[in-house]
Amino acid sequence: QTVRWHIELQPWASPTPSLNYEASRFLKYISTSQISCEHMNLNSLKGYSETTKKPWSVCLDEKFSLIHRIRSKKCRLYSLGLGNDDNQFELSMANSGCEVHRFDPSIKSAHIQQGRHLWHHRLSIDWRDPNPAIAAHKLHSNTKKLGTVLNEFGHQKIDVLKADVESAEWKILENLILEDVVEQIGQLVFEVHIHWPGFEVSGNDSTVVRYWYSLLRELELKDFRLFHTYKDLSKPQMFLKKEAFNASSCYTLSWVNTRWK
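Everything numeric here is computed off the predicted structure, so don't read it as measured data. (Residues numbered from 1 in each chain as written. Predicted model: local features only at pLDDT ≥ 70, side-chain atom pairs only at ≥ 80, totals over all residues. Heavy atoms only, no water.)

1. Side note on the packing of aromatic side chains
In this description, a pair of aromatic rings is defined by centroid distance and the angle of the planes.
Alright, step 1. All told, the structure shown has ten aromatic pairs when counted by the stated rule.
Alright, step 2. Pairing Phe 239 with Phe 245 gives two aromatic rings, centres 5.1 Å apart and planes at 65°, and the pair type is edge-to-face.
Alright, step 3. A relative accessible area of 0% means that Phe 239 is categorised as buried.
Alright, step 4. An aromatic cluster is defined as three or more aromatic residues linked by ring pairs; in this entry it consists of Phe 26, Trp 170, Trp 212, Phe 239 and Phe 245.
Alright, step 5. Lying over the aromatic face of Trp 260, Lys 157 brings its terminal NZ or CZ to 4.9 Å of the ring centre. (Phe/Tyr/Trp six-rings, centres within 6.5 Å; stacked < 30°, edge-to-face > 60°. Buried < 20%, exposed > 50% of the residue type's maximum accessible area, 1.4 Å probe, protein only. Lys NZ or Arg CZ within 6 Å of the ring centre and 35° of its normal.)

So, in structure tokens, the structure goes:
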């Protein structure tokens, strides 16, 4: 299998590069569900209380595997965060019998088990592994790619990958696509930030938006379909530092891998 170094960029949205055209194509894309999901409410799972601050929506329709894996106690959730105190979603999934792994570099110990099904790991999931020469000097080199963690934990599959990583999501998503790790995932629930390009995303504004859009189209090519989109109106209405386009700076997007068994 050949290693891919770059994602395929989609053609420009207009004959000449234009931020207006790129923004409108991208915003329409992230605001439009591609597949319907009837059951997204975790209230149907026992031990769930309706106090989540954000809608981390998963699809529990019978036609997808998640609900069956929850019932048979075979489901696994990875949650990527950065000092986030809202763990209601993770707790509810653990209470429903899912094996939940939460990765957050701000956790006090390397690994903590909470209850039967919830583990906290002091690890930051990144789009690259640490440089071995540097890592050797640092005892707590706690940044790894998701594919590396899956290998180390001996996990072949993740039913749900939730990510709230404060603008690292674009490069992490790119890494998952380039290394085909995304094919080991059943559903993705990502918070995306669009008030600035994101960590290590370069180029002018129209180039950045074209890259974002191209990343999401790559997910579509891998049989992921967007089933829920949430525009966070509590966040500043900013799009690449501009108060234009009627966009929030933050959206929560949920996809299901339609080929996943």
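The discussion continues.
2. Some points on unusual backbone geometry
Alright, step 1. A positive phi angle, close to 75°, is found at Asp 223, a residue other than glycine.
Alright, step 2. Relative to the helices and strands, Asp 223 resides in the loop between helix H7 (205-221) and strand S9 (224-231).
Alright, step 3. Judged by its relative accessible area of 17%, Asp 223 falls in the buried class.
Alright, step 4. Notably, Asn 246 is not glycine yet its phi reads approximately 50°, a positive angle.
Alright, step 5. For Asn 246, the location among the structural elements is in the loop between S9 and strand S10 (250-257). (Helix = DSSP H or I, 4+ residues; strand = E, 2+ residues; numbered from the N terminus.)

3. Concerning the state of the cysteines
Alright, step 1. Under the counting rule described, the total for this entry stands at two disulfides.
Alright, step 2. Across a sulfur-sulfur distance of 2.1 Å, Cys 37 and Cys 59 are joined as a disulfide pair. Here Cys 37 and Cys 59 share a disulfide; its torsion about the S-S bond, 105°, makes the bridge right-handed. Of this pair, Cys 37 sits in the loop between helix H1 (19-30) and helix H2 (65-71) while Cys 59 is found in the loop between H1 and H2, placing the two residues 22 residues apart along the sequence.
Alright, step 3. Take Cys 37: its relative accessible area is 10%, and that puts it in the buried class.
Alright, step 4. Put simply, Cys 75 and Cys 98 are joined by a disulfide, and their sulfur atoms are 1.5 Å apart. Taking the torsion about the S-S bond as the criterion, the Cys 75 to Cys 98 disulfide, at about 130°, is right-handed. (Disulfide = S-S within 2.5 Å.)

4. Details of the nonpolar core
Alright, step 1. Core analysis: the biggest nonpolar cluster contains 51 residues, and Phe 26, Leu 146, Trp 170, Leu 188, Trp 212 and Phe 239 have the highest contact counts within it.
Alright, step 2. Counting residues per element, this core draws most heavily on H7, at eight residues.
Alright, step 3. Aside from chain neighbours lying at most four places away, what touches Phe 239 is Leu 19, Ala 23, Phe 26, Leu 27, Ile 194, Val 209, Trp 212, Ala 244, Phe 245 and Ala 247.
Alright, step 4. Among the nonpolar cores identified, the runner-up in size contains 16 residues, and Ile 67, Cys 75, Leu 118 and Val 160 belong to it. (Core = buried A, V, L, I, M, F, W, Y, C linked by side-chain atoms within 4.5 Å. Contact = heavy atoms within 4.5 Å.)

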